[in-house]
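# Working through the structure, step by step
Here is how the chains run, residue by residue.
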Amino acid sequence: MADDTLRIERSAKTLRTLALERMRDAIMGFHFQPGERLVERPLCDQLGVSRSVVREVLRQLETEGLVQMIPGHGPAVARPDLSRTDEIYELRALMEGIAARACALTATEDQIAALERALDVLLTAWASADPIEVMRATTKFYEVLFDAADKRIAWEIVQGLNVRINQLRSMTIASADRRDAAIAEMTDIMNAIKSRNGDDAEAAARRHVEQAWRIAQQALRDS
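Everything numeric in this text was worked out from a predicted model, so none of it was measured.

### As for the packing of helix H2 (residues 40-47) against helix H3 (residues 51-63)
Orientation of H2 relative to H3, taken along the N-to-C sense of each, is 105°, at an axis distance of 9 Å. The angle between the axes of H2 and H3 places the two elements in the roughly perpendicular class. Taken together, the residues of H3 that come into contact with H2 (itself represented by Glu40, Arg41, Leu43, Cys44 and Leu47) are Arg51, Val54, Arg55 and Leu58. Split into classes, the residues belonging to the contact of H2 with H3 amount to 5 nonpolar, no polar and 4 charged.

So this is what it looks like as structure tokens:
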């Protein structure tokens, strides 16, 4: 019997877009493991789409860094590169720290209230224990943060890295005891912003990234 967990329903979105979203979520949620081969025919059956759609999706995921072509074997789920991972977390710490500082110093009360609402959604996602929902809510929190900080170019850079960031984030979310620590770290960022303390907000944002960085490094070494 075919595995229907990835099967998509018809909607206004194109089949390619729906299949891409489903495959991206499946990789982030470890339905497919790093290094696992992605064979076209089973994917066609699981997604309920044609081979041409699957090929387009795999090519797009390759450009995003989630799929890699292995000579003689074809496409497989990419294994994050430790050296590249360090660079991504360095950029995250820098940009998220700058954004948190600016948000604390310049955001309006309405913007801070919107950020609090985004944090509430994130806390609800953590309580659900659904890693995909946690990643979506985390991305939204940072979108609101960068907007409130008026750091739109920085957010564009982060968006360009978001797929790879979320691939790494999925590893840290899955780690033991990460939930409580992450909630405490995000709450520290929010409290510093509400207190209008730029130094503390930047330090809290950087500390959160550094903790996730350490977990990701260990997970990659163990994989």
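Once the structure has been displayed, the description carries forward.
### Remarks on empty space enclosed by the protein
Over the atoms rolls a probe the size of a water molecule, and in doing so it shows where empty space is left. Following the criterion strictly, the structure yields 3 cavities of 30 Å³ or more and no others. Computed from the structure, the largest cavity encloses a volume of approximately 140 Å³. Taken together, 14 residues make up the lining of the largest cavity; nearest its centre are Trp126, Arg169, Thr172, Arg178 and His208. Its residues placed into classes, the lining of the largest cavity shows 8 nonpolar, 3 polar and 3 charged. If you add up the space inside the second largest cavity, you get close to 50 Å³. Lining of the second largest cavity is provided by Ile27, Phe30, Phe32, Pro34, Val77, Ala78, Pro80, Gln167 and Met171.

### What about the packing of aromatic side chains?
Taken as a whole and assessed by the stated rule, the structure comprises 3 aromatic pairs. Judged by centre distance (5.4 Å) and plane angle (85°), the ring pair of Phe141 and Tyr142 falls under edge-to-face. You can call Tyr142 buried: its relative accessible area is 3%. Ring plane angle 40° and centroid distance 5.4 Å describe the contact between Phe146 and Trp155, whose orientation is recorded as tilted. With respect to burial, Phe146 and Trp155 carry one shared label: buried.

### Side note on the environment of Gly198
Along the chain, Gly198 falls in helix H9 (residues 198-222). What makes Gly198 buried here is its relative accessible area of 5%. Once the C-alpha coordinates of Gly198 and Ile98 are considered, the two residues, 100 residues apart in sequence, prove to be 9.0 Å apart. Excluding anything up to four places from it in sequence, Gly198 contacts Arg101, Ala104 and Leu105.

### Remarks on the packing of helix H4 (residues 82-106) against helix H7 (residues 152-173)
Closest axis-to-axis distance for the H4/H7 pair is 10 Å, and the angle between their directions is 125°. Taken together, the axes of H4 and H7 are oblique relative to one another. Where H4 crosses over H7, the handedness of that crossing is left-handed. Contacts from Thr85, Ile88, Tyr89, Leu91, Arg92 and Met95 of H4 reach H7 at Ala154, Ile157, Val158, Leu161, Arg164, Ile165, Leu168, Arg169 and Thr172. Grouping the amino acids of the contact of H4 with H7 by side-chain chemistry returns 10 nonpolar, 2 polar and 3 charged.

### Quick notes on the side chain of Asn162
Note that Asn162 resides in helix H7. By relative accessible area, Asn162 is classed as buried at 11%. If we skip the residues at most four places from it in the chain, Asn162 touches Thr139 and Trp155.

### Focus: unusual backbone geometry
Its identity is not glycine, yet Ala129 carries a phi of approximately 60°, on the positive side. When you line up the elements, Ala129 lands in the loop between helix H5 (109-128) and helix H6 (131-148). The exposure class assigned to Ala129 is exposed, which follows from its relative accessible area of 63%. Even without being a glycine, Asp150 presents a positive backbone phi close to 60°. By secondary structure assignment, the location of Asp150 is in the loop between H6 and H7.

Definitions and limits used
Residues numbered from 1 in each chain as written. Predicted model: local features only at pLDDT ≥ 70, side-chain atom pairs only at ≥ 80, totals over all residues. Heavy atoms only, no water. Axes fitted to C-alpha atoms, helices over the stretch in contact; angles between N-to-C directions. Helix = DSSP H or I, 4+ residues; strand = E, 2+ residues; numbered from the N terminus. Parallel < 35°, antiparallel > 145°, perpendicular 65-115°, else oblique. Contact = heavy atoms within 4.5 Å. Nonpolar A, V, L, I, M, F, W, Y, C, P; charged D, E, K, R; others polar. 1 Å grid on protein atoms, 1.4 Å probe; cavity = no way out; pocket = protein on both sides within 12 Å on 5 of 7 lines; lining within 4 Å. Points joined across faces, edges and corners; volume = space filled by probe spheres on them. Phe/Tyr/Trp six-rings, centres within 6.5 Å; stacked < 30°, edge-to-face > 60°. Buried < 20%, exposed > 50% of the residue type's maximum accessible area, 1.4 Å probe, protein only. Left-handed = near helix turned anticlockwise from the far one by under 90°.

Purely spatial values, then, with no claim about function.
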